[in-house]
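Overview (structure and organization)
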Amino acid sequence: MANENRLTLVVMPFAGSGASVFNEWNQLNNNIDVIAIQLPGREKRFIETPYKDVKSAVDGELQQVLDAINLNQPIAIFGHSLGAVLAYEMAHLLVKQTGLDVRSLYVSGSPGPRTQRTKRATGLNDDDFVKCVEEFAGYSHVALKDPNMRELLLPLLRADVEMHENYKPSRDIPLNIPIYTLRGDQDTLVSAEMADQWKDATTAPKHCIEFSGGHMYLVEQAAEMLQEIEKSFFKTPSNINTVEYLL
């Protein structure tokens, strides 16, 4: 019997991030067990070749997810930006192939899965690529200012950005689980209208939760975000404005 009082939250990485970025999340909420998925090309998997295709990444890391999750707890999947489309594809795969108790999908800082960027960073020279990525994110990462660190990080970041910019959904069939979209209310990369596109990706209700901040709002508001995920998952009252779309 599942423990209905705790949630296993599978977290897919955003571009350039490794699993350690989410380490502190397990100390921020007592009712959520955060399982951060580590992709090749980063941290302990640094020497491995990074993926450049979302479907290949999800297929290749399905076993990592299955090995990490607690089968006695309900499951939700979370992803921000690149992680959102990774989470969407992983949700499809888990629902279709495993029959696991996947209850919800949380997609953050992302337009609907069929919307591609009109401005792209793929193929630009190093300086223009970094400038473009920082423009997308709305902030500058200190590691990209160090020449040695930048040289190490750019191949992975380029692969992640290419994977995201070339993404097309692998399935036409919508999910049948609720989708929650999360975004910063000052996000200039993903508007509220673009986040609303996720309502076409599910036959279940779609909800929108907004936070104060830009595209990377979750860097400063991880605790608040996890609290809202907990409240929405366990259907407890929230102070954050939410909108529900019934299809």
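The structure reproduced in this document is the subject of the present report. (Residues numbered from 1 in each chain as written. Predicted model: local features only at pLDDT ≥ 70, side-chain atom pairs only at ≥ 80, totals over all residues. Heavy atoms only, no water.)

Turning our attention to the overall build of the chain. In terms of helices and strands, the chain carries seven helices and seven strands. Reading the chain from its N end, one meets helices and strands in the order β-β-α-β-α-β-α-α-β-α-β-α-α-β. Dimensions along the principal axes, computed over C-alpha positions, put the chain at roughly 50 × 35 × 35 Å. For the chain, buried positions account for 50% of its 247 residues. Taking as baseline every contact in the chain between residues at least 6 positions apart, the subset at least 24 positions apart corresponds to 78%. Looking at the chain as shown, the accessible area adds up to about 11,700 Å², and 50% of this sits on carbon and sulfur atoms. Within the chain, the 33 negative side-chain charges are centred at a point lying 4 Å from the centre of the 23 positive side-chain charges. (Helix = DSSP H or I, 4+ residues; strand = E, 2+ residues; numbered from the N terminus. Buried < 20%, exposed > 50% of the residue type's maximum accessible area, 1.4 Å probe, protein only. Contact = heavy atoms within 4.5 Å. Areas by Shrake-Rupley, 256 points an atom, 1.4 Å probe, with all protein chains shown as cover. Lys, Arg positive; Asp, Glu negative; His and termini not counted. Charge placed at Lys NZ, Arg CZ, Asp CG, Glu CD.)

Here we take up the packing of aromatic side chains. The tally for this structure, following the rule as stated, stands at seven aromatic pairs. Seen from their ring centres, Phe 14 and Phe 22 are 5.9 Å apart, and the 80° between their planes marks the pair as edge-to-face. Seen from their ring centres, Tyr 106 and Tyr 180 are 4.8 Å apart, and the 15° between their planes marks the pair as stacked. Here Tyr 106 is found in strand 4 (residues 102-108), whereas its partner Tyr 180 is found in strand 5 (residues 179-184), with 74 residues between them in sequence. Neither residue differs from the other here; Tyr 106 and Tyr 180 are each classed as buried. A connected cluster of aromatic rings, assembled from ring pairs, spans Phe 14, Phe 22, Trp 25 and Phe 78. (Phe/Tyr/Trp six-rings, centres within 6.5 Å; stacked < 30°, edge-to-face > 60°.)

This part takes up the nonpolar core. Grouped together as the largest cluster of nonpolar side chains are 34 residues, with contacts concentrated most on Val 10, Met 12, Val 54, Ile 77, Leu 86, Met 90 and Leu 105. At the level of elements, strand 1 (7-12), helix 1 (54-68), strand 3 (75-80), helix 2 (82-97) and strand 4 are the ones that each hand at least two residues to this core. Here this core gets 10 residues from one element, more than from any other, and that element is helix 2. Counting 24 residues, the second-largest nonpolar core is a separate cluster that includes Leu 9, Trp 25, Phe 78 and Phe 233. (Core = buried A, V, L, I, M, F, W, Y, C linked by side-chain atoms within 4.5 Å.)

Moving on, we get to the layout of surface pockets. Roughly 370 Å³ of volume is contained in the second largest pocket. Counting residues per element, the ones that place at least two in the lining of the second largest pocket are helix 3 (126-137) and helix 4 (147-165). Its residues assigned to classes, the lining of the second largest pocket comprises eight nonpolar, 10 polar and four charged. (1 Å grid on protein atoms, 1.4 Å probe; cavity = no way out; pocket = protein on both sides within 12 Å on 5 of 7 lines; lining within 4 Å. Points joined across faces, edges and corners; volume = space filled by probe spheres on them. Nonpolar A, V, L, I, M, F, W, Y, C, P; charged D, E, K, R; others polar.)

Purely spatial values, then, with no claim about function.
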